[in-house]
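Architecture and fold: a report
Residues per chain, in single letters:
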Amino acid sequence: MKRLSWFNVTALTLGFAFLYLPMIILIVYSFNESRLVTVWAGFSTKWYGTLLQDQEFLDAAWVTVQVAFLSSTIATVLGTMAAHVIINAGRFPGRTLFSGMIYAPLVMPEVITGLSLLLLFIGLNIDRGIMTVVLAHTTFAMCYVSVVVSSRLATFDTALEEAARDLGATPFQAFRLVTLPIILPAVISGWLLAFTLSLDDLVIASFTTGPGATTLPIKIFSAVRLGVSPQINALSTLMIVVVTIGVITASLVTKRNAVRRAEEERAGAASA
Amino acid sequence: MSDTPSIRAMNFALGFMLLALAAFAARLAILFASDGWDATSATGFPLTLAIFIALAAGTLSAMSKMDQDRRTGFLGATVIGLPYVWLLALFLVPFLIVLKISLSDVALARPPYMPQLDLSEGWSNLTAFLSDLDFENYTFLTSDDLYWKAYLSSLQIAFVATACTLLIAYPVAYGMARAPQEWHATLLMLVILPFWTSFLIRVYSLMGILSNDGVLNQFLLWTGLIGEPLQILNTKLAVYIGIVYTYLPFMILPIYASLEKLDESLLEAAEDLGCSRFQAFWLVTFPLSKGGIIAGCFLVFIPTIGEFVIPSLLGGSGTLMIGKVLWEEFFNNRDWPVASAVAVILLLILIIPIVLFQRSEEKSREAGQ
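Residues numbered from 1 in each chain as written. Chains lettered and ligands numbered in written order. Predicted model: local features only at pLDDT ≥ 70, side-chain atom pairs only at ≥ 80, totals over all residues. Heavy atoms only, no water.

The cut-off we apply is this: UniProt positions are given in the numbering used here, feature names are shortened, and annotations may be inferred rather than shown by experiment.
For chain B, the name recorded in an unreviewed UniProt entry is Putrescine transport system permease protein, with Sagittula marina as its organism. Check the Subcellular location (unreviewed entry) section of the UniProt entry for chain B; it says "Cell membrane".

If you check an unreviewed UniProt entry, chain A appears there as Putrescine transport system permease protein from Sagittula marina. Recorded in UniProt under Sequence similarities (unreviewed entry), the annotation for chain A is "Belongs to the binding-protein-dependent transport system permease family. CysTW subfamily." As stated in UniProt under Subcellular location (unreviewed entry), the record for chain A gives "Cell membrane".

Put into structure tokens, the structure is as follows:
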């Protein structure tokens, strides 16, 4: 059994303290009684109360969830298709352009993506609102999904799908019954990634949104530009808690599934 | 192969369809440029949509014919065509529009730039339109020192911040790789978790710490290290801290991945051969983790250059970064042509690190095989 040296312990402690202290301090101060966020004046949950009564924040939260749900779902479908194309389609005309367009949005600065989409929407005279933000988010999120899914598809044995086709399955059946169950964990984590990217995005949403479609990040940004506010601390705490529970649950479920699969395989090997 | 000629014919047809799609993209840009578009929007949009759907359907059916030779049918064609058309329409075309507007002049009109292309009076207008496009905005960018200073300062901030992130991330990644095996999953989770938490909230959480009456200054005053609060928020230092804080996971993960694969018997061998522990680290561990270091540096450097949220929340008015300049040019000054030109040059600057990054990724992939 190897022991950690003092150097490694210090590095890990300081590193993780740096990563987590700001968020912990933010959570602690969200329970501060005082309006002055820097002076501790006793425990209180009143900022959560004012937050839940603030109609503007509730509206923004509802818009954000709608946008994130729609865009991540469309992005997952399109991104899985794109991953399938990149890994399995072989050569087709314009392949280089296609893979270029898949990878370029990943490194494109958000200000450029946002600006170019806004200019497109203005040019087509499309009224800006929830739908334009969904279109914008879908476009960059599908690229992330396709990267996640294609890394899983790359290790997928295509002979399985071919066997299903030989046994009479249609291409769609072969995909649904054979390929999809195997790549499903990657598809789900792609969806989760797309969902959080959309929840989080400020820049692209600011460019492509219109009246009546203010998302939560836009609302937060305009509120904190002038300084720290206890209400935003409360909102941030809620978002951090939701994301943390979500991520930990997802990882526990994946872990349990992996363990169960390993057990099934062992049982299968024993009975054979 | 007996069906090779037919595949070739289909490829030809497909190439033609893609060309038509590109022409459609050009048409979109032209429609965009013409002011008449605005007035005829009631009929204009359905018309464009109809052209778009017709072209997409044409491409799809051509692809499905080609795919029948490979027994995948219409579905296979949809699978290629749908994301393809989506990205053409919402990634490539918008970028071409930015390129075009960057060559236009600002005008007091709606939309606020000119020339506008008006095709109602025949194609002669097209040549007039093309001759009105010029590089004036680009020459303007070189004449006003705000812009080149902003580009330089973005590059400098990105460079210094990447170096700082590396210095902090490496010991953490090293400690993680050296930790007992049963800790690895938990430690990895702890690094990934902030990545899922909102970027905006993490930048915001620093505001309450770095401000003049913030937690850090209160702590330093309490310890007696300083007599009066330090001005950290709204300086370049705050931007560095913000970048290191938010991008740290991007640097830790690739370095950890490369250190975790390291065969520890190599280190034992080095020590057996008379290396001190530090020499063993410097001569064995460090060179073997170079791949992770390079990947991490690019993952931090590339997105930092165009960063907007960090300089605008933490940097104050004194910190110049090009992402913020572009935002202000567009939203505050409403100068679309200059904002577009700023975007085009930013992209040209980014191409260099992106190409270098892809090269090094390819090299490491080849080495891995």
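Notes on the overall build of chain A
Applied cut-off: Numbering of helices and strands runs from the N terminus, with a helix taken as a DSSP run of H or I at least four residues long and a strand as a DSSP run of E at least two residues long. Burial classes: relative accessible area under 20% of the type maximum marks a residue as buried, over 50% as exposed, and values in between as partly exposed (1.4 Å probe, protein chains only). For this analysis, residues touch if any pair of their heavy atoms sits within 4.5 Å. In short, Shrake-Rupley with a 1.4 Å probe defines the accessible areas, and a residue's cover is counted only from the protein chains shown.
Scanning chain A from terminus to terminus reveals 11 helices and zero strands. Taken from N to C terminus, the helices and strands of chain A fall in the order α-α-α-α-α-α-α-α-α-α-α. Per-residue burial over chain A gives 48% buried out of 272 residues. Sequence separation of at least 24 residues holds for 67% of the intrachain contacts in chain A that already meet a minimum separation of 6. Carbon and sulfur atoms make up 67% of the accessible area of chain A, which totals about 13000 Å².

A closer look at the packing of aromatic side chains
Within a pair of aromatic rings, the relevant descriptors are the distance that separates the centres and the angle that separates the planes. We count it as follows: Classification of ring pairs uses Phe, Tyr and Trp, with its six-membered ring standing for Trp, and accepts pairs whose centres are within 6.5 Å; under 30 degrees between planes counts as stacked, over 60 as edge-to-face, and the remaining range as tilted. The criterion for a charge sitting over a ring is simple: Lys NZ or Arg CZ within 6 Å of the ring centre, and within 35 degrees of the ring normal.
Throughout the structure, instances matching the rule amount to 31 aromatic pairs over all chains. Here B:Phe308 and B:Trp327 contribute two aromatic rings whose centre-to-centre distance is 4.0 Å and whose plane-to-plane angle is 15°, an arrangement assigned as stacked. In this pair, B:Phe308 sits in the loop between α14 (290-305) and α15 (309-314) while B:Trp327 sits in helix α16 (residues 322-331), placing the two residues 19 residues apart along the sequence. Summarising the aromatic geometry, the rings of B:Trp327 and B:Phe331 are spaced 4.7 Å apart at their centres and angled 50° between planes, so their arrangement reads as tilted. Residue B:Trp327 and its partner B:Phe331 are both found in helix α16; the two are separated by four residues, about one turn of the helix. Residue class for B:Phe331 comes out partly exposed when judged on its relative accessible area of 31%. Members of the aromatic cluster, joined through ring pairs, are A:Phe207, A:Phe221, B:Phe308, B:Trp327, B:Phe330, B:Phe331 and B:Trp336. Positioned above the aromatic ring of A:Phe57 is the side chain of A:Lys219, whose terminal nitrogen or guanidinium carbon lies 5.0 Å from the ring centre. The cationic tip of B:Arg202 hangs over the ring face of B:Tyr245; the distance from NZ or CZ to the ring centre is 6.0 Å.

So, helix α8 (residues 171-200) of chain A
Definition in use: A helix is expected to span 1.5 Å multiplied by its residue count minus one. Axes are fitted to the seven residues ending at a residue and to the seven starting at it; the angle between these axes is taken as the bend at that residue.
Taking 1.5 Å as the rise per residue, α8(A) with 30 residues should run 44 Å; its terminal C-alpha atoms sit only 36 Å apart, a clear shortfall. The axis of α8(A) is deflected most strongly, by about 60°, at A:Leu180, and proline A:Pro181 appears within four residues downstream.

Points about the interface of chain B and chain A
Our working rule: Buried area is understood as the total, over both parts, of accessible area removed when two parts are fitted together, assessed with a 1.4 Å probe. We call two N or O atoms a polar contact when they sit within 3.5 Å, provided that within protein one can donate a hydrogen and the other can accept it, with sequence-adjacent residues counted only if both atoms are side-chain atoms. Each residue receives one of three labels: charged for Asp, Glu, Lys and Arg, nonpolar for Ala, Val, Leu, Ile, Met, Phe, Trp, Tyr, Cys and Pro, and polar for the others, Gly being one of them.
The partner chain A presents 89 residues to the 93 residues of chain B that form the contact. When the two sides are added together, the surface that chain B and chain A hide from each other amounts to roughly 8000 Å², 81% of it contributed by carbon and sulfur. Ranking the residues of chain B by area buried against chain A places B:Trp86, B:Trp196 and B:Tyr204 at the top, with a combined share of 10%. Summed over the shared surface of chain B and chain A, the number is eight residue pairs in polar contact (both at pLDDT 80 or more). Sorting elements by how many residues they give to the side of chain B that touches chain A places helix α4 (residues 73-102) of chain B first, with 20 residues. Within the side of chain B that touches chain A, the residues separate by chemical class into 69 nonpolar, 16 polar and eight charged.

Concerning a negative patch on the surface
Short version of the rule: The patches reported here contain residues having more than 30% relative accessible area and no salt bridge. Joining distances are 9 Å for like charges and 5 Å for nonpolar side chains (Val, Leu, Ile, Met, Phe, Trp, Tyr). Throughout this description, the term salt bridge denotes a Lys or Arg side-chain nitrogen within 4 Å of a carboxyl oxygen of Asp or Glu. Charge convention: Lys and Arg are scored as positive, Asp and Glu as negative, and His as well as the terminal groups of each chain are ignored. By convention, the charge on Lys lies at NZ, on Arg at CZ, on Asp at CG and on Glu at CD.
Together, B:Asp263, B:Glu268, B:Glu271 and B:Asp272 make up a negatively charged patch on the protein surface. Within the secondary structure, B:Asp272 sits in helix α12 (residues 264-272).

Here we look at the confidence of the model for chain B
Do not read the predicted coordinates in detail wherever pLDDT is low. Residue and element names in this part refer to chain B. Stated precisely, the cut-off is as follows: The predictor attaches a confidence to each residue, and that confidence, scored 0 to 100, is pLDDT.
Mean pLDDT for chain B: 80, with 72% of residues reaching 70 or above. Mean pLDDT across the elements of chain B ranges from a minimum in helix α2 (residues 36-39), with 40, to a maximum in helix α11 (residues 236-260), with 94. Within the model, the stretch residues 35-44 combines pLDDT values under 50 with 14 contacts to residues more than four positions away or in other chains. Note on residues 67-71: pLDDT is under 50 here. Beyond four places in sequence and across chains, it has 12 contacts.

What to know about the UniProt feature "transmembrane region" (unreviewed entry) in chain B
Under the UniProt annotation, the feature "transmembrane region" (unreviewed entry) is placed at residues 12-33, 45-62, 74-99, 150-173, 185-204, 237-259, 280-302 and 336-357 of chain B. Taken end to end, residues 280-302 of chain B is 96% helix and 0% strand, and its two terminal C-alpha atoms sit 32 Å from one another.

Examining the UniProt feature "transmembrane region" (unreviewed entry) in chain A
Residues and elements named next belong to chain A. Here the UniProt feature "transmembrane region" (unreviewed entry) sits at residues 7-31, 67-90, 102-124, 130-153, 174-194 and 232-253. Counted over residues 7-31, helix gives 92% and strand 0%. Its end C-alpha atoms are 36 Å apart. From the first C-alpha to the last, residues 232-253 spans 31 Å; its make-up is 100% helix and 0% strand.

What about the packing of helix α3 (residues 55-88) of chain A against helix α4 (residues 95-107) of chain A?
Residues and elements named next belong to chain A. Our working rule: Convention adopted: a line fitted to C-alpha atoms gives each axis, helices being fitted over their contacting stretch, and angles between N-to-C directions are expressed from 0 to 180 degrees. Note that the term roughly parallel is reserved for angles under 35 degrees, roughly antiparallel for angles over 145, roughly perpendicular for angles of 65 to 115, and oblique for everything else. Crossing handedness is read from the near helix: turned anticlockwise from the far helix by less than a right angle, it gives a left-handed crossing, and turned clockwise, a right-handed one.
In contact at an axis separation of 11 Å, α3 and α4 are set at 135° when each is read in the N-to-C sense. With respect to their mutual orientation, α3 and α4 come out oblique. Viewed along their axes, α3 and α4 form a crossing whose handedness is left-handed. Of the residues in α4, those touching α3 at Ala-82, Val-85 and Ile-86 are Arg-95, Phe-98, Ser-99 and Ile-102.

Focus: the packing of helix α7 (residues 158-166) of chain A against α8(A)
Residue and element names in this part refer to chain A. Close contact between α7 and α8 brings their axes to 9 Å; oriented N to C, the two are set at 145°. Here α7 and α8 pass one another in a crossing that is right-handed. Along the contact surface, α7 presents Leu-160, Glu-161, Ala-164 and Arg-165, while α8 presents Pro-171, Ala-174, Val-178, Thr-179 and Ile-182. Of the residues assigned to the contact of α7 with α8, the class counts are six nonpolar, one polar and two charged.

Here we look at the nonpolar core
To be explicit about the condition: Note on terminology: a nonpolar core comprises buried Ala, Val, Leu, Ile, Met, Phe, Trp, Tyr and Cys residues joined through side-chain atoms within 4.5 Å. What fixes the domain bounds is an automatic or database domain assignment.
A:Phe16, A:Phe207, B:Met176 and B:Val309 are the most contacted members of the largest nonpolar core, which totals 163 residues. Looking at this core, you find at least three residues from each of domain 1 (4-134) and domain 2 (140-368) of chain B. Sequence-distant contacts of B:Met176, defined by excluding residues within four places in its chain, comprise A:Leu12, A:Phe16, B:His184, B:Leu187, B:Leu188, B:Val191, B:Ile252 and B:Tyr256.

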